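Structural characterization, general
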Amino acid sequence: MIQSLTAILFCQLLGEIGVNALGIPIPGPVLGMVIMFAYLMMRGGVSKPLGEVSDTLLRHLSLLFVPAGVGIVLHFDLLREDWLPIGLGLVISTLLTIVVSAAIMRRLTRKGETT
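All of the points below concern the structure found in this document.

What counts and how
For every chain, the first residue of the written sequence is number 1, and numbering continues from 1 along that sequence. With pLDDT at 70 or above as the cut-off, local features in this predicted model cover only qualifying residues; side-chain atom pairs require 80 or more to be listed or tallied, and sums for whole chains, interfaces and linings still use all residues. To get the side-chain values, all heavy atoms of the structure are used, and hydrogens and water are removed first. By the criteria applied, helices consist of DSSP H or I runs no shorter than four residues and strands consist of E runs no shorter than two, each listed in order from the N terminus. Radius of gyration means the value over C-alpha atoms here, while the globule rule gives 2.2 Å times the residue count to the 0.38 power. Three labels apply to residues, based on accessible area from a 1.4 Å probe with only protein chains included: buried if under 20% of the type maximum, exposed if over 50%, partly exposed otherwise in between. Interaxial angle, 0 to 180 degrees, is taken between N-to-C directions of lines fitted to C-alpha atoms, where a helix line uses only the stretch in contact. Oblique is the label for any angle not under 35 degrees, not over 145, and not in the 65 to 115 range, which are roughly parallel, roughly antiparallel and roughly perpendicular in turn. For a crossing to be left-handed, the near helix must be turned anticlockwise from the far one by less than a right angle; the clockwise case is right-handed. We call two residues in contact whenever any of their non-hydrogen atoms come within 4.5 Å of each other. Here, expected helix span is obtained from the residue count minus one, scaled by 1.5 Å. The working definition used for a salt bridge is a side-chain nitrogen of Lys or Arg within 4 Å of a carboxyl oxygen of Asp or Glu. Points on a 1 Å grid, built from protein atoms alone, make a cavity when a 1.4 Å probe fits but cannot get out and make a pocket when they are open with protein on both sides within 12 Å along at least 5 of 7 lines; residues with an atom within 4 Å of a point are the lining residues. Grid points are joined across faces, edges and corners, and a volume is the space filled by probe spheres set on the points. Amino acid classes used here: Ala, Val, Leu, Ile, Met, Phe, Trp, Tyr, Cys and Pro are nonpolar; Asp, Glu, Lys and Arg are charged; the rest, including Gly, are polar. What goes into a patch is any residue over 30% in relative accessible area without a salt bridge, connected to like charges within 9 Å or, for nonpolar side chains (Val, Leu, Ile, Met, Phe, Trp, Tyr), within 5 Å. A 1.4 Å probe and the Shrake-Rupley method give the accessible areas. Residues count as covered only by the protein chains that appear here.

**Here's the deal with the overall build of the chain**
Within the chain, the regular secondary structure consists of 6 helices and 0 strands. Overall, the chain shows an N-to-C arrangement of helices and strands of α-α-α-α-α-α. A compact globule built from 115 residues should have a C-alpha radius of gyration of about 13 Å, whereas the chain, at 19 Å, is more than 25% larger. With respect to the three principal axes, the spread of C-alpha positions in the chain is 50 × 45 × 35 Å. Within the chain, buried positions represent 11% of all 115 residues.

**Some thoughts on the packing of helix α1 (residues 2–22) against helix α2 (residues 28–43)**
Between α1 and α2, whose axes approach to 7 Å, the crossing angle comes to 120°. Compared by their axis directions, α1 and α2 come out oblique. In this structure, the crossing between α1 and α2 has a hand that is right-handed. Packed against α1, whose contacting residues are A7, I8, C11, Q12, L14, G15, E16, G18 and V19, the element α2 presents G28, P29, L31, G32, I35 and M36 at the interface.

**Points about α2**
With 16 residues, α2 should reach 22 Å at 1.5 Å per residue; the first-to-last C-alpha distance of 22 Å fits that figure. Taken together, the buried positions of α2 are G28, L31, G32, M36 and L40. Positioned one or two residues after α2, G44 has a phi angle of 100°, which is positive.

**Thoughts on the pattern of salt bridges**
One pass over the structure, following the stated rule, counts 1 salt bridge. Across the pair R80 and D77 runs a salt bridge whose closest N-O atoms are separated by 3.5 Å. Here the residue R80 and the residue D77 both occupy positions in helix α5 (residues 76–81), the gap between them amounting to 3 residues, near one helical turn.

**So, the side chain of S4**
When you line up the elements, S4 lands in helix α1. Leaving out residues up to four positions away in the same chain, S4 has contacts with P49, L50 and V53.

**Concerning the layout of surface pockets**
Size it by volume and the largest pocket reaches roughly 380 Å³. Lining the largest pocket are I8, L9, C11, Q12, P29, G32, M33, M36, L40, V46, L50 and S54. Where the lining of the largest pocket is concerned, the elements lending two or more residues are α1, α2 and α3 (48–59). Per-element accounting of the lining of the largest pocket gives the leading share, 5 residues, to α2. Its residues assigned to classes, the lining of the largest pocket comprises 9 nonpolar, 3 polar and no charged.

**Comments concerning a nonpolar patch on the surface**
Together, L22, I24, I26, V30, M33 and V34 line one region of the surface with nonpolar side chains, adding up to about 520 Å² of accessible area. The element that contributes the greatest number of residues to the nonpolar patch is α2, accounting for 3 residues. Within the element layout of this structure, V30 appears in helix α2.

**Observations concerning the environment of A102**
Considering the arrangement of structural elements, one finds A102 in helix α6 (residues 83–114). Between the alpha carbons of A102 and A38 there is a distance of 26 Å; along the sequence they are 64 residues apart.

Laid out in structure tokens, this is it:
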């Protein structure tokens, strides 16, 4: 269990180091997930201990949103001042994500029908 948790945290650390070293504009944990995914693809799958640790983390995922909620409450005055651009950004990015996802899905299903 400790080894699996260490592997997850090590991938996150590698992601943070990679982002800082390369100046990539993505969060370090996202790059860490890509590294972990590549490792698991090369390995051929998820080991049982790693699966158990990740399932435990996912079961308690709601606890990870507590700091974000505290940040919102802490900076509520800033949110009140800039509610319009924040709201527009959220709505536009959500709609754009739906449109792009639908376009990709449509294209992929069309490719599947021709082959």
